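Commentary on secondary and tertiary structure
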Amino acid sequence: MKLFVTIYNDPKLLGHFLRHYRAAGITEFYIATAPEFRSAVESFRSDYNIFVFDNLVVSDSILAENSAITKIRGDHQRADEWVVIVDLDEFVDFPDTLERLIAEADQAGASVVRGVMLDRFSADRQTPDFFPDTDLDQLFPIKSRFIRNVMGGCDYKGVLVKGYIWPVPGQGHHRFEDEKIFSKLLEISHFKWIAGALERLRKTHQIILDANIHWAMEHRLVFDHYDTHGRFAWEEFGGKWAHDFTMDPAIACADCGAAISEAERDYSLAHCGKQLCRRDQKKYIG
């Protein structure tokens, strides 16, 4: 099975990423990278089936455009093929085999399987460094819905995608055109808050501000939280030790059973009178 990912600012998680997804059943890794990180990617080619692309624009991932992944998928994904699409810091937890999950999604007629990002934090609330053999689950034992609870952002993403459906412009992989969403919702361990993360985010924030993108405020809320507390005070935004953390049940579309986000539910309740995915909302509001 194929996986598509971009590397545009820091390749340090790559070894952990490759190990995680090979264990999950990925056999081919399609990696779009900034040229300065090509050697880091190439160092893993003796152990993994990697295809490297360093001639595409990967910096637009910062602006949620993902043109490099879309181009590579168009060239290397078949029209009826399921693939995994994730960022380098997103480690999806597959509670079942990929083959069985895909078979269930196919039977339901779905084209997208979503995951919800659970930000992982260190117990000491800082941004620690790590080594190639570090167990990330032990170093970052805290799970939380930080994106939702602090940033006010969208933490739902399509992580398994079938065939030629493309992301909505400016939505990254949070939303795909004419997507048919599966009823099961996966968990994504989001290992973003590693050493140097805040410095990288400040640079990204300036790029987004310069582009006049409205969700720049989400980053500002991260800085406000960290500057106020001098740490990530995970106990204040619902963080729990992984063994104690329980995801809320997926919210199901009333018509098709798709796993929808809180924002989709709230919008459809207000405009349609019941909770619906975006696809089914069109039947009521055009």
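Further up the page is the structure itself.
A quick note: this is a predicted structure, and the numbers were derived from the prediction, not measured. (Residues numbered from 1 in each chain as written. Predicted model: local features only at pLDDT ≥ 70, side-chain atom pairs only at ≥ 80, totals over all residues. Heavy atoms only, no water.)

1. Describing a nonpolar patch on the surface
Taken together, the side chains of Tyr267, Tyr284 and Ile285 define a hydrophobic patch exposed on the protein surface, amounting to about 280 Å² of accessible area. Counting through the fold element by element, Tyr267 comes out in helix α9 (residues 262-272). Owing to a relative accessible area of 38%, Tyr267 belongs among the partly exposed residues under this scheme. (Patch = residues over 30% accessible without salt bridge, like charges linked within 9 Å, V, L, I, M, F, W, Y side chains within 5 Å. Areas by Shrake-Rupley, 256 points an atom, 1.4 Å probe, with all protein chains shown as cover. Salt bridge = Lys/Arg side-chain N within 4 Å of Asp/Glu carboxyl O. Helix = DSSP H or I, 4+ residues; strand = E, 2+ residues; numbered from the N terminus. Buried < 20%, exposed > 50% of the residue type's maximum accessible area, 1.4 Å probe, protein only.)

2. A few points about the packing of helix α7 (residues 197-210) against helix α8 (residues 216-229)
In the contact formed by α7 and α8, the axes pass within 9 Å of each other and the chain directions differ by 145°. For the pair α7 and α8, the sense of crossing is left-handed. Only Ala216, His219, Arg220, Val222, Phe223, Tyr226 and Asp227 of α8 make contact with α7, whose side of the interface consists of Leu198, Leu201, Arg202, Thr204, His205, Ile208 and Leu209. In terms of residue class, the contact of α7 with α8 is made up of 8 nonpolar, 3 polar and 3 charged. (Axes fitted to C-alpha atoms, helices over the stretch in contact; angles between N-to-C directions. Left-handed = near helix turned anticlockwise from the far one by under 90°. Contact = heavy atoms within 4.5 Å. Nonpolar A, V, L, I, M, F, W, Y, C, P; charged D, E, K, R; others polar.)

3. Things to note about helix α1 (residues 14-24)
Listing the buried residues of α1 in full gives Leu14, Gly15, His16, Phe17, Leu18 and Tyr21. Gly25 lies just past α1 and shows a positive phi near 120°.

4. Notes on unusual backbone geometry
Positioned with a positive phi, Arg125 is a non-glycine residue whose angle comes to about 75°. Here Arg125 shows up in the loop between β6 (112-121) and α5 (136-139). The class for Arg125 is partly exposed, based on a relative accessible area of 21%. Positive phi, normally seen in glycine, also occurs at Asp178, with a value near 55°.

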